[in-house]
4 protein chains.
Amino acid sequence: MTEQDLRVGLVGAGKMGADHARRLHERVSNAKLVAIGDPDLDRAKRAASGIEGCRTHGDPAEVISTSDVDAVVLATPGATHEPLLLAAIERGIPVLCEKPLTPDSKSALRVVEAEQAAGRRLVQVGFMRRFDPEYRELKRLLDAGDFGRALLMHCAHRNPSTPPGFTDEMMVFDSAVHEFDTTRWLLDEEIAAITVRHPRRSATAPEGLRDPKLITIESTGGVVVDVELFVNCGFGYQVRCEAVCERGTALVGGSAGMFSHTEGRWGGDVTKDFRDRFMQAFDLEFQRWVHAARGGGIDGASAWDGYAAAAVCEAGLAALADDCRTEVDMIAKPDFYSTS
Amino acid sequence: MTEQDLRVGLVGAGKMGADHARRLHERVSNAKLVAIGDPDLDRAKRAASGIEGCRTHGDPAEVISTSDVDAVVLATPGATHEPLLLAAIERGIPVLCEKPLTPDSKSALRVVEAEQAAGRRLVQVGFMRRFDPEYRELKRLLDAGDFGRALLMHCAHRNPSTPPGFTDEMMVFDSAVHEFDTTRWLLDEEIAAITVRHPRRSATAPEGLRDPKLITIESTGGVVVDVELFVNCGFGYQVRCEAVCERGTALVGGSAGMFSHTEGRWGGDVTKDFRDRFMQAFDLEFQRWVHAARGGGIDGASAWDGYAAAAVCEAGLAALADDCRTEVDMIAKPDFYSTS
Amino acid sequence: MTEQDLRVGLVGAGKMGADHARRLHERVSNAKLVAIGDPDLDRAKRAASGIEGCRTHGDPAEVISTSDVDAVVLATPGATHEPLLLAAIERGIPVLCEKPLTPDSKSALRVVEAEQAAGRRLVQVGFMRRFDPEYRELKRLLDAGDFGRALLMHCAHRNPSTPPGFTDEMMVFDSAVHEFDTTRWLLDEEIAAITVRHPRRSATAPEGLRDPKLITIESTGGVVVDVELFVNCGFGYQVRCEAVCERGTALVGGSAGMFSHTEGRWGGDVTKDFRDRFMQAFDLEFQRWVHAARGGGIDGASAWDGYAAAAVCEAGLAALADDCRTEVDMIAKPDFYSTS
Amino acid sequence: MTEQDLRVGLVGAGKMGADHARRLHERVSNAKLVAIGDPDLDRAKRAASGIEGCRTHGDPAEVISTSDVDAVVLATPGATHEPLLLAAIERGIPVLCEKPLTPDSKSALRVVEAEQAAGRRLVQVGFMRRFDPEYRELKRLLDAGDFGRALLMHCAHRNPSTPPGFTDEMMVFDSAVHEFDTTRWLLDEEIAAITVRHPRRSATAPEGLRDPKLITIESTGGVVVDVELFVNCGFGYQVRCEAVCERGTALVGGSAGMFSHTEGRWGGDVTKDFRDRFMQAFDLEFQRWVHAARGGGIDGASAWDGYAAAAVCEAGLAALADDCRTEVDMIAKPDFYSTS
């Protein structure tokens, strides 16, 4: 590992990218943000403002090709990822890629294959929940087998409301995908099948959106996971996961924080959005990635995890259309990804 | 309403019957336990011991036919209920019948029809959760529509362990039946369909029992309810229900009671069994039934509710066998039962 | 013990008395309310309405002297208690006396002495918290010594608001007296000294009332108990007690009940008043008292407990005036009261 | 503000110092640890191992006097602080000084005066709780006045056990001092008086230590704060603070984290020590200090806060000896510190 600060290039200066620019500049150690690329050059400049020595590019590809960039953070829309990832792999530099890896499993597989051809895991997918302290505690418990094997998991994923244009498909690809990844990671098993059910629509759902949904996924080892997706619940952002094991249950994402009594009620505030809820997870994810990237590697969800998530999403899409149980179609896990 | 104490006859002096004898004698106002019938006369005598003026019968039917019995509590196995219920209906006296009403929907329907022929609702089924203060609070909330309409419910029903001989069918008929009833009652809707899923078996499950199960039921109005049934969970008895509504969620059966810190842990005790958890509900059920029975009526789940529960159980049995979604087959609700 | 129903006379038909009339008539087993006495005869009649066979008296003393009254519930103001208690003791019938026993320790001592002269404990003081299931669980824990000896207790006693005319003295005599009794009962020790402190007044306190107060009491065994009294807290009625022991802490009265998420908040409702919070405790107190009274005795706080509470209140009054630590002045406990 | 990384010198390589070395190297952005000084040079070398470009000194003063050190973290025992602080002030570089500022108020005042003479606030005291997200939320609530003014605060400060040689005085100077600081900070008032009470000793307390203690402090504005100090509670490390305001209460430090059911209990783990509990607070404190120090200033408790804490500790010492209420003796706050 080099002892120099990691010189990071950021591709994408939208809301998420701009957040990551601040994160890298203000809260992440051993890293230096040296370049920001965005087709909207003004946006790139705004994100770079106040960060000494950080240049901007209107062509994202330039960020990846420049020799003084040691590693890349990718925060553009998923549809743009494939060529950028392939370029980074070709240059042999680590990439932290916001999910999704790519928009579909076929293109994701091409990234996986390119990475294998390059002989080194360089691509990390930004599934930040893996860095949340509570999720990590649950992972530790399941790995240690303190309560025996997991049998069931109950998840809830609630957003206060959706932006205009949010669709049923996005509920699977953008929201449920996090549960697909945490399930795979917590259980260390792939997902074999998925079912989508639609209860009656909420009056709070915008026209055309079937909200809420109850998704059930089954792991290859027979664990059944139910996921409530309710993206117009109104009251806040909440992500909850309860693992039911043979000798006990464990819940993460329960109510937390300052506790008050006032106006006839006891309780506390629900977090408002995912940034609020997973701020610490994002920070830890970046800090650990920087440490790993300085050694040329990654420390988090791999390209394989990105491919697997895409495959489950595609099965989810079929399940959504047919209202029936759909098996996940994916290749066998290459040895290349066999050790976590 | 008469101002005299209600003279109650108890049929069945097993564990539950003996509990009810103590309850009636020691904690229920305006009632007097005057007779206990059980084919095992010794058992009846033990249950009656210390209760002045309480006689015993070896023939349960005698309890119902004796003129000084104003009302009957039925605590024998479900298979014996039908003739006893019909006898009580014929005599025109109120009955509080431990669930199930009868073992199947066909016989339950005969009770429903007999009651209609008699022209008066006399039969109450002992679904005690309807009297639990938290469940009542949830019912109030749903009826008032404070959070809009219910869309989903998440339930968990956990027992520490099962007695010898416990079967998959009993998980539906004896355990899940409570969730069937509370769902119908809370939503004021019938159940239209049921699905049973089997995650991998717990190592704590006795041979032959597929424990846990994940049951999903759908109400006629489109509410989807998932029910975790885990009857060998080891850690205690726990019943939980979370209603997800359009503008909020409400949970009953969460962790409660004395809260401690000791030996590196914060928390409290899980209740040990259903008597412990629903003691107050049973007491309230009996007290309210006595008040209603003094006026010649009932105050709780009706014979119709008993029939509907049986119909859902039968669909559950089919779903269990076929591992697929099964629609509930039941007659339309007679006007006789239209007002709650 | 007789197997007949206990014939109860109720003295006092105000708010509390009328509640007890309903309780005795509707929810308490093995008892029959036969007479209600109140100087305001109309009020007595209203309380007796609908209770068959319950007569009314304008002279409370008549209730106690009538031969068909087996036991008495006393719900008049404390200033009227002494002669009524002495009359009941003279007749040798059990009395359940709402707190306070009498308004001061001197008169309380006369009751104690009369009871000793009569040779039998007949007087029970209505400290209902002793019957609250959570407080009983805490008592069990302390008695068993699971966590070692108690060292400290932290209490809070909060009311939404005070009725007109509520005074500093009433905060001690009517509110804090409950903490004095529960402390004595939980620890099985007397209270040796009391200190009253005044933080800055709440803007919600009516003129002339120094609200909140922080009272500290010390047991004879050296346990220090702090009590927050805040009787215009606005948000509800809340009573909390945390015992800090050598190997753990235990809290009762924490937030409980249905749990919801709505409008940006998680949590539940605070109980509105003491009837709401201690309803179950009152019911259990009465039921157990009826069982004991049928055997001629009591089952709860004794006349001695009433005397001790009065002695602590008087020390509290002195502490209030002087803003300093005041020792409690009381006689040694007579052997007559030595066994609980 | 310079855009260069802050070159930090660390003085003191004990347990805390070594932790800070890791923190600065691995988790804090915009800083570079360039020197570690400790009279035990081996210890300094161990703390510096793996940190490229970090030299070591056997003379702590050298760290401060070297021109390439832009700011200093002081983690030596309090008795050594004064000359080191004065040296840093003289050089005009920011210092983050672990508490206490100095061992007594007289020496603390000399630091305060030196800083005023230098004309710039350079000294920050490491009261890390001010950076805990929950405490900050409470501070925000109190500042905004959402619940009206604070009237009372209830605090508990519990440690599993004490190291050998821990004394009554250390319970005040090392433990309670955190509550003194958070009280001053939360209320934005000074502390006027302090009382110490001793309940009976815990059997878990080592000989000679009067554990637990109940300390009461009063703010200049009349807020009364009770603090349970129990440093051999056995079950874990726990810090709790409940502010009681005119229209509501707010608690921080309540039970949090993963929630489980197992072995008859529901609940979670108590944190084991202060590093575990306040890890995030330490990280945030350092990150914010680095940002402030790059601009030549501080962002946290000032030298004045260190002096005030020392003055309260001294009053606490007197209160400890005399078992009586002691007023805090301190100078009026200089204008120099008047803006926070």
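Source: prediction; values computed, not measured.

## Brief notes about the overall build of chain A
Of regular secondary structure, chain A possesses 9 helices and 16 strands. Radius of gyration (C-alpha) of chain A: 20 Å, near the 20 Å computed for a compact globule of 340 residues. Dimensions of chain A, computed from C-alpha atoms along their principal axes, come out at roughly 55 × 55 × 45 Å. The burial tally for chain A puts 61% of its 340 residues in the buried class.

## Overview of the relation of the copies chain D and chain B
Between the two copies of this chain, the relationship is a rotation about some axis together with a displacement along it. Expressed as a screw operation, the relation of chain D to chain B combines 0.0 Å of axial shift with a rotation of 180°, fitting to an RMSD of 0.0 Å. Look at the turn and shift together and you get a two-fold axis relating the two. Residues of chain D ranked by C-alpha distance from the rotation axis are headed by D:G267, positioned 1.9 Å from it. Same-surface contact between copies: 100% of interface residues of chain D are shared with the interface of chain B.

## Structural notes on the relation of the copies chain A and chain B
Superposition of chain A onto chain B requires a rotation of 180° combined with a translation of 0.0 Å along the rotation axis, giving an RMSD of 0.0 Å. A symmetric contact is evident, with 100% of the interface residues of chain A recurring at the interface of chain B.

## Some thoughts on the side chain of D:T326
Residue and element names in this part refer to chain D. Counting through the fold element by element, T326 comes out in strand β16 (residues 326-327). With relative accessibility at 15%, the residue T326 sits in the buried group. Polar side-chain contacts of T326 include one of 3.4 Å to the backbone nitrogen of A319. The contacts of T326, once residues within four sequence positions are left out, are A192, A193, I194, A315, A318 and A319.

## Points about the UniProt feature "domain: GFO/IDH/MocA-like oxidoreductase" (unreviewed entry) in chain A
Annotation from UniProt places "domain: GFO/IDH/MocA-like oxidoreductase" (unreviewed entry) at residues 135-250 of chain A. For the annotated span residues 135-250 of chain A, helix accounts for 26% and strand for 35% of the residues, and the straight-line distance between the end C-alpha atoms is 10 Å.

## Let's talk about the interface of chain A and chain B
With 38 residues of chain A at the interface, the matching set in chain B holds 38 residues. Interface area, chain A with chain B, both sides summed: about 2,900 Å², of which 54% is carbon and sulfur. Contact with chain B buries surface across chain A, with A:R197, A:R200 and A:E246 losing the most and accounting together for 25% of the total. Our enumeration of links across chain A and chain B arrives at 8 salt bridges. For B:E218, the salt bridge is made with A:R197, and the minimal N-O distance between the two is 2.9 Å. Counting the contacts that link chain A with chain B gives 22 residue pairs in polar contact (both at pLDDT 80 or more). Within the residue set of the side of chain A that touches chain B, elements represented by two or more residues are β7 (150-158), β8 (191-197), β9 (213-219), β10 (224-230), β11 (238-245) and β12 (248-252) of chain A. No other element matches β7(A), which puts 5 residues into the side of chain A that touches chain B. Across the side of chain A that touches chain B, the residue classes break down as 14 nonpolar, 11 polar and 13 charged.

## Overview of the environment of A:D143
Structurally, the position occupied by A:D143 is in helix α6 (residues 133-144). With 44 residues separating them along the chain, A:D143 and A:L187 place their C-alpha atoms 8.2 Å apart.

## Observations concerning the sheet that holds strand β3 (residues 55-57) of chain C
Residue and element names in this part refer to chain C. If you trace the 7 strands from one edge of the open sheet to the other, you get β3-β2-β1-β4-β5-β6-β15, paired in mixed fashion. Both edges of this open sheet fall to β3 and β15 (301-302), since each of them pairs with a single strand only. Two strands pair when backbone bridges link them, and strand β1 (residues 6-11) and strand β2 (residues 31-37) are joined in this way by 6 bridges, in the parallel orientation. Bridged to V11 within β2 is G37. Contacting β1, β4 (71-74), β5 (95-97) and β6 (123-125), helix α4 (residues 81-91) runs over the sheet at an angle of about 165° to β5.

Calculation notes
Residues numbered from 1 in each chain as written. Chains lettered and ligands numbered in written order. Predicted model: local features only at pLDDT ≥ 70, side-chain atom pairs only at ≥ 80, totals over all residues. Heavy atoms only, no water. Helix = DSSP H or I, 4+ residues; strand = E, 2+ residues; numbered from the N terminus. Rg over C-alpha atoms; globule rule 2.2 N^0.38 Å. Buried < 20%, exposed > 50% of the residue type's maximum accessible area, 1.4 Å probe, protein only. Least-squares fit on C-alpha atoms with pLDDT ≥ 70 in both. Contact = heavy atoms within 4.5 Å. Polar contact = N/O pair within 3.5 Å; in protein donor to acceptor, adjacent residues only side chain to side chain. UniProt positions renumbered as here; feature names shortened; annotations may be inferred. Buried area = accessible area lost by both parts, 1.4 Å probe. Salt bridge = Lys/Arg side-chain N within 4 Å of Asp/Glu carboxyl O. Nonpolar A, V, L, I, M, F, W, Y, C, P; charged D, E, K, R; others polar. Pairing = 2+ DSSP bridges. Axes fitted to C-alpha atoms, helices over the stretch in contact; angles between N-to-C directions.

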